[in-house]
Every structure is written in C-alpha cells, then in structure tokens.
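Letter by letter, the chains look like this.
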Amino acid sequence: MYSSLMLSRAGLVASNLGDDIAKLWREASPQYLKGARDTLILAVVATAVGCIIGLLCGILQTLKYSKSDFVLKKIFINVIKVVVRVYVEVFRGTPMILQAVFIYFGLPYLTSNALRFDVITAAYVVVSINTGAYMAETVRGGILSIDRGQTEGAMAIGMNHFQTMVKVILPQTLRNIIPQIGNNLIINIKDTSVMFIIGYAELFAAHKAYVGATYLYFPSAVVTMAIYLIMTVVCSLLLRLWEHFIDGPENFNLATTDTLALTSGMNNFPSGKRRRAR
Amino acid sequence: MSVILDVKHLSKSFGENPVLKDIDFTVSKGEVISIIGASGSGKSTLLRCINLLETPSAGEILYHGENILSRNVKAPRYRSHVGMVFQSFNLFNNMSVLKNCTVGQRTVLGKSREEATANAVKYLEKVGMAPYVNAKPKQLSGGQKQRVAIARALAMEPEILLFDEPTSALDPEMVGEVLAVMKKLADDGMTMIVVTHEMAFAKDVSTRVIYMNDGVICEEGTPDDVFVNPQKEETKAFLARFRDKG
C-alpha cells in the first residue's frame, strides 16, 4: 500500500518536472541555446589562444645558453625566463573570477578609463591568459618528456634550436599533450560560467536570468546541466578523433616499385569471386 | 691523403671527473677508424666531442684547418658536414622513414622537395630500406631503424660519418644487416669513425684501430698491429678478456 503510494508520488514529481522543462523550453530555449553557443565559442577560442600562449612560454622556458655565449644573451634569456615564471605563477595562482574583475573593472580604474575592454573582449582575454598559464606548464612538461635522443638526432644533422623545436620536438609534444588540451577545453566550457561577474551572457547567465523570473530552479538546472554535459562529451569525442588523425594509420604500405618488396604476402592469389566464375 | 679532422690536446671533464685526457689524432679522407675499449674509457665522449654534442673542456678540433671550437664557427653548419649514427637510433618518431631522410636536407641544406626525396630514396636503396618509405619508426625492427638512421645521415652527404656503438642496442640476429651496410660504405670509400664492441668488424673492415683506456689513446695502429701484435699490457689484457667472452 505504502510503496505504491510512494511510486505514484514519484511519478507525479517526474511528470511535474517534465512539464516544467517543457514549459521552460517553450519559453526560453533561444536564450539557453544562445548561452550555450557563446559558452562554446568562448571556451574553444580561449583554449586555442591559450595553447598558443602556452607553446610560446614553453619554448621560452627551454631556451638554453652555453658558457661561451655573450653576457647580454645570458641576461636576456634569464629575464625572459623570470617574466614567464611570474606570469605562470600569478595567473595559475589566483581565481579566474577575480582576474576577470581586475581586467574588466581594474584596468579602467587604474588608468582613469584610458584602457578599458568591453565585456566580450575582457572575457576572451581573461580566459585566454588564464588557460595560457596552465598550458605553459603543460607544454614544458611535454617538452621535457621527449627523449633527449630526438634533440641529438636533429642537432646531428645540423638543425639549430628553432628548427629542432618546430620540426621534431613540438609536433611530438603536441601529440602528447592533447589529453591535457582536452582537459583545459572542458574545464573552460564549465568555468567560463564565472564570467557572469562581468556580465558576459553565456549559458549559466541564461539559467540565472530564467530562474530569476520564474523560480524554476531545479528544472532549469537540469536543462543547463544536460547542455553542459552534451557540449563536453562532444568536445571530448572530437579530441579523440584528432588524436587518431595525428597517429595516422596503424599499418603502412610497402612501396610497390621496389622489386625487393615482392614477398609472398603481396602476390595476388585467385580470389573467391574468380573461382566461382570458373 | 688529405686530412679532414685534426684533434689536438682534446680534454673533457664532467665536473671534477676527467673523461678525456689530452687526446691527439688525425682523420684522413677514406680512413675507417675503429675505436675500441672498455665501457667508461671515453670512446663515446670522444665521438660526441667531435660532433660538438659535448663541449670539450680544452684542446682544438681542426676541420680542414679551422678550429670548430672557436666562437665564430656555427655548430649546426659544421654538424651538417659530419654525420652521426647513434646507439639508440634517434629517428624522429613523428615522421615517416622518407621524411626522416628529407627533413635535414630541406631545412638545413635548403634543397627542394623533389631533390631531397630523390636523394633520400637513393640512400634508402643503398641500405635496403627503400620499400619502407611510408613506415613510421615504431613499425620497424631495431636493425631496420639503424639502417634508416644511416640513410638519414648519408642523405646529408657528409664528409665523415661517426658511428656511436651502432649495433650495441640490437638483438644479435640484427647486428649482421647493419654491419653489412657499414662494410659497404667502407668499401665505397666513406670516411668513418666507428666506436664499437664488434671486434671482427674492427679487425676486418677498419684501416686503423684506436684502443682507448681510461681517457687516453693507449694504442693505435693497423688492425694487425693492435689485434695480432699489441704492444701495451692494457691492450693485451683487454683483448684477452674479449677472447674469453667470445
């Protein structure tokens, strides 16, 4: 008796939730979808820019000088390294929500309005340089993980530091850090929600606006959750595809022009079709 | 015979620890020099100093009379004339066999794609790896990797080729194919310095053998001088140890 009562009550709640979500979708789906779109674009662009910043910082941190180099070059390299370190420590070590406040409200305040970003630019700048700080460490780790022999192989055929980096080390680093790039992209999709602090209208802002007007907290949260999850799962699938693309095919083709390659495996035996035709 | 390399009073220490002490020797065109000696005797370090992968602590390395240790000489430029084959192959893992052999020609020598490819295929044929142009290094066996590494070095058309224990990382059944390629190069008149533990190769193929012990050149001469009539006690002891093992 009691359990059937509970069941019917649960059914009632579920149908209520269904009704509320349907109502929400009828009334506000354009706002949610626009929010989702803006979230996604911000996350993708900022992650890409962050990767470029991270690659640059990662390369700068691996610069080396030898004892015989000129003093100025040594000083220059050390100054660059200190600047990169400070950037990484500051932007990795403070909350992004406060970085947004500093860039959007702080810059005009400090420069008497001479330097101010609009909301959209500020959001892109903050998320990009924040991601860049994390990526700098990721890239540095990625470069360190490449066997020293790869560098020596490149140096032995006469490549300089820059050519070695671009042709040999960074392509392998990039392959190794794709999972981490994926991490950053997914974190960015979710964490861009803190940009509501400067009024950037992304998915979480759409949720806040809707519940402010209707008090449908939970149904809206369900919808927003679902949209976030769809975006992150799709992104993670796409990144997997990218990894497979970079890895290339598992097997390779022997160049058939070489007569030495005509091993038994390459002879054409009569196929089943032909036999049947006979 | 013209002298290509002239090593004078070369020394190298890692921290307080001297690895090479006052090394002197010359390399002339067409010579095949084997450097033998126990592990830790400084053979590999000597080779790496010649290619500037290690910076010598003191001394001079004259390449056609020019000291490559002076500040004015660009190391990459010099290295492109001196090929190197490593114990652990060091093929570029992100590139196909063909790309491994063309990338240096294109970025360092500035050759066109067609020219670099034709050249690479020529040398890959020489080492018997032409059918594998599309393979990635991870798809090859150790012996195949090392042959590609030799082709990559040859494709730069170096004046001299350095081998740093090229067969030490290989399974026994793959040593032969790499040594065969090296013998072919020697027969073609390539100038080579080979650090090796393959005594048969040192004996049969090289024109000169250097025995190193404890950071100095202990004994030097034709293969007959060193293997049949060694003069120094250390050389005799080293060769005896090898005979016992072999």
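In what follows, the structure referred to is the one given above.
Everything quoted here is computed from the prediction, not taken from an experiment. Numbers given for residues are sequential positions, taken from 1 along each chain in its written order. Key to labels: chains lettered from A, ligands numbered from 1, both in the order written. For a predicted model such as this one, the threshold for reporting local features is a pLDDT of at least 70, and the threshold for listing and counting side-chain atom pairs is 80 or more; totals across whole chains, interfaces and linings nevertheless cover every residue. Side-chain figures throughout are based on the complete set of non-hydrogen atoms in the structure, without hydrogens or water.

*Asks:* Looking at this structure, I do not really get the sheet that holds strand β8 (residues 192-195) of chain B. What am I missing?
*Replies:* Strands in a sheet are paired, the pairing made by backbone hydrogen bonds, and the direction either parallel or antiparallel. Residue and element names in this part refer to chain B. As summarised here, the arrangement of the 6 strands in space is β6-β7-β8-β3-β9-β10, forming an open sheet in which the pairing is mixed. The sheet is open, and its two borders are formed by β6 (82-85) and β10 (216-221), each paired with just one other strand. Averaged over neighbouring strand pairs, the angle between their axes works out to 20° when direction is ignored. Two strands pair when backbone bridges link them, and β6 and strand β7 (residues 160-164) are joined in this way by 4 bridges, in the parallel orientation. Looking across to β7, one finds that V85 is bridged to F163. Working rule for contacts: check all heavy atoms of both residues, and any pair within 4.5 Å makes them a contact. Fitted lines through C-alpha atoms give the axes, limited to the stretch in contact for helices. The angle between two N-to-C directions lies from 0 to 180 degrees. The way it works is that DSSP assigns letters per residue, a run of H or I at least four long becomes a helix, a run of E at least two long becomes a strand, and they are numbered from the N terminus. Those strands touched by helix α1 (residues 43-50) are β3 (32-37), β6, β7, β8 and β9 (208-213), and its axis lies near 145° from that of β7. When DSSP finds at least two bridges between two strands, those strands are taken to pair.

*Asks:* What is the right way to read the nonpolar core from this model?
*Replies:* Across soluble globular proteins, nonpolar side chains have a tendency to be buried as a group. All names here are of chain B. Take the buried residues of types Ala, Val, Leu, Ile, Met, Phe, Trp, Tyr and Cys, join any two whose side-chain atoms come within 4.5 Å, and each joined set is a nonpolar core. The buried label goes to any residue with under 20% of its type's maximum accessible area, the exposed label to any with over 50%, and the partly exposed label to all in between, with areas taken from a 1.4 Å probe on protein chains only. Grouped together as the largest cluster of nonpolar side chains are 38 residues, with contacts concentrated most on L124, I150, F163, M182 and M192. Elements with a minimum of two residues in this core: α3 (97-107), α4 (113-126), α5 (142-155), β7, α6 (172-187), β8 and α7 (199-205). If you tally residues by element for this core, the top one is α6, at 8 residues. Discounting chain neighbours no more than four positions away, the residues touching M192 are E31, V32, I33, L161, F163, M182, L185 and A186.

*Asks:* Whenever I open this one, the packing of α3 of chain B against α5 of chain B confuses me. Can you help?
*Replies:* When two helices pack together, their arrangement is captured by the angle between the axes and the distance separating the axes. Residues and elements named next belong to chain B. Packing of α3 against α5 leaves a shortest axis separation of 8 Å and a crossing angle of 25°. Overall, the two elements α3 and α5 adopt an arrangement that is roughly parallel. Crossing of α3 against α5: the hand is right-handed. Counting all contacts with α3, which are made through V97, N100, C101 and Q105, the residues of α5 involved are V148, A151, R152 and A155. Broken down by class, the residue content of the contact of α3 with α5 amounts to 5 nonpolar, 2 polar and 1 charged. Note that the term roughly parallel is reserved for angles under 35 degrees, roughly antiparallel for angles over 145, roughly perpendicular for angles of 65 to 115, and oblique for everything else. A crossing counts as left-handed when the near helix is turned anticlockwise from the far one by less than a right angle, and as right-handed when that turn is clockwise. When residues are grouped by polarity, Ala, Val, Leu, Ile, Met, Phe, Trp, Tyr, Cys and Pro land in nonpolar, Asp, Glu, Lys and Arg in charged, and all others, Gly among them, in polar.

*Asks:* Can you walk me through the state of the cysteines in this structure?
*Replies:* One covalent bond between the sulfur atoms of two cysteine residues makes up a disulfide. Residues and elements named next belong to chain B. The disulfide criterion is simple: two cysteine sulfur atoms within 2.5 Å. What the rule picks out here adds up to 0 disulfides over all chains. Of all cysteine sulfurs, the one in C49 lies closest to C218, which takes part in no disulfide; the gap is 19 Å. Judged by relative accessible area, C218 falls into the buried class, the value being 9%.

*Asks:* Is there a simple way to think about the interface of chain A and chain B in this case?
*Replies:* A common way to express how large an interface is: the accessible area buried when the components associate. Each side of the interface is counted separately: chain A has 30 residues, and chain B has 31 residues. Here, a salt bridge means any side-chain nitrogen of Lys or Arg that lies within 4 Å of a carboxyl oxygen of Asp or Glu. At the boundary of chain A with chain B, the tally comes to 1 salt bridge. Close ionic contact of R48 of chain B with E152 of chain A constitutes a salt bridge, the shortest N to O distance being 2.6 Å. Think of a polar contact as two N or O atoms within 3.5 Å of one another; within protein, one of them needs to be a possible hydrogen donor and the other a possible acceptor, and neighboring residues in sequence only count if both atoms come from side chains. Summed over the shared surface of chain A and chain B, the result is 7 residue pairs in polar contact (both at pLDDT 80 or more). Only α5 (148-156) and α6 (161-191) of chain A provide two or more residues apiece to the side of chain A that touches chain B. Sort the elements by how many residues they give to the side of chain A that touches chain B and α5 of chain A lands first, with 7 residues. Residue classes in the side of chain A that touches chain B are distributed as 13 nonpolar, 10 polar and 7 charged.

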